[in-house]
Amino acid sequence: VLLASLTSASKIRSWTGPQEVYLSDSPLASRSSSAISRTSNQVYIFGGSNGVDYYNDVYRFDVNHSDWMKMSHIRESQVPDGRIDHGYTANDTHMFIFGGLTSNGAVCDFWIF
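I will try to describe carefully the structure that is included in this document. (Residues numbered from 1 in each chain as written. Predicted model: local features only at pLDDT ≥ 70, side-chain atom pairs only at ≥ 80, totals over all residues. Heavy atoms only, no water.)

1. A few points about a nonpolar patch on the surface
Taken together, the side chains of Phe98, Phe110 and Ile112 make up a nonpolar region of the molecular surface, amounting to roughly 320 Å² of accessible area. Residue placement: Phe110 occurs in strand β9 (residues 105–112). (Patch = residues over 30% accessible without salt bridge, like charges linked within 9 Å, V, L, I, M, F, W, Y side chains within 5 Å. Areas by Shrake-Rupley, 256 points an atom, 1.4 Å probe, with all protein chains shown as cover. Salt bridge = Lys/Arg side-chain N within 4 Å of Asp/Glu carboxyl O. Helix = DSSP H or I, 4+ residues; strand = E, 2+ residues; numbered from the N terminus.)

2. Considerations on the pairing of strand β6 (residues 67–71)
Sheet topology places strand β5 (residues 58–62) next to β6; five bridges connect them, and they run antiparallel. Each residue of the ladder has a partner; that of Arg60, found in β6, is Met69. Connecting the antiparallel pair β5 and β6 is a turn made up of four residues, with Ser66 showing a positive phi of about 55 degrees. (Pairing = 2+ DSSP bridges.)

3. Some thoughts on the sheet that holds strand β8 (residues 95–102)
Pairing in this open sheet of three strands is antiparallel, and the strands run β7-β8-β9 from one edge to the other. Looking at the sheet topology across the chains shown, the edges are occupied by β7 (87–90) and β9. Looking at each pair of strands side by side, their axes are set apart by 15 degrees on average, direction ignored. Across four bridges, β7 lies against β8 in antiparallel orientation. Its bridge partner being in β8, Gly87 is matched across the sheet by Phe98. (Axes fitted to C-alpha atoms, helices over the stretch in contact; angles between N-to-C directions.)

4. Notes on the sheet that holds strand β3 (residues 35–38)
In spatial order, the strands read β3-β4-β5-β6; together these four strands make up an open sheet with antiparallel pairing. Among the strands making up the open sheet, the edge pair consists of β3 and β6. Put simply, the sheet's adjacent strands are angled 20 degrees from each other on average, direction ignored.

5. Side note on the side chain of Arg83
Tracing the backbone shows Arg83 in the loop between β6 and β7. Judged by its relative accessible area of 0%, Arg83 falls in the buried class. (Buried < 20%, exposed > 50% of the residue type's maximum accessible area, 1.4 Å probe, protein only.)

6. Digging into unusual backbone geometry
Excluding glycine, a negative phi dihedral is what most residues carry, and trans is how most peptide bonds are arranged. At Ser33, a residue that is not glycine, the phi angle is positive and equals roughly 60 degrees. Inspection of the secondary structure puts Ser33 in the loop between β2 (12–16) and β3. The backbone phi angle of Asp85 is positive, close to 55 degrees, even though this residue is not glycine. One can find Asp85 in the loop between β6 and β7.

The structure is reproduced here in structure tokens:
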């Protein structure tokens, strides 16, 4: 599958896409404006919105086994509000979330998990 093609006068460059992964078995609700980060063999997705609700859930996708898992919060009283348009990254031991837009407006908070 050709995803993109760059053309110049002297040569043609192309980029072919990776193997498709179908998400029909995904537990995720449809959403936009979520954040995604990859560690060694895991992809983490946090937040997003369906246009009405703001999500604060975390899902992990195992790249090697094509398995989804909803991550649970250790303390439900200490979780960030659901949000969109936030900064997010992860490493092998922690996830980091900064700012974004919640149902109450813009926030400037920082979370480490």
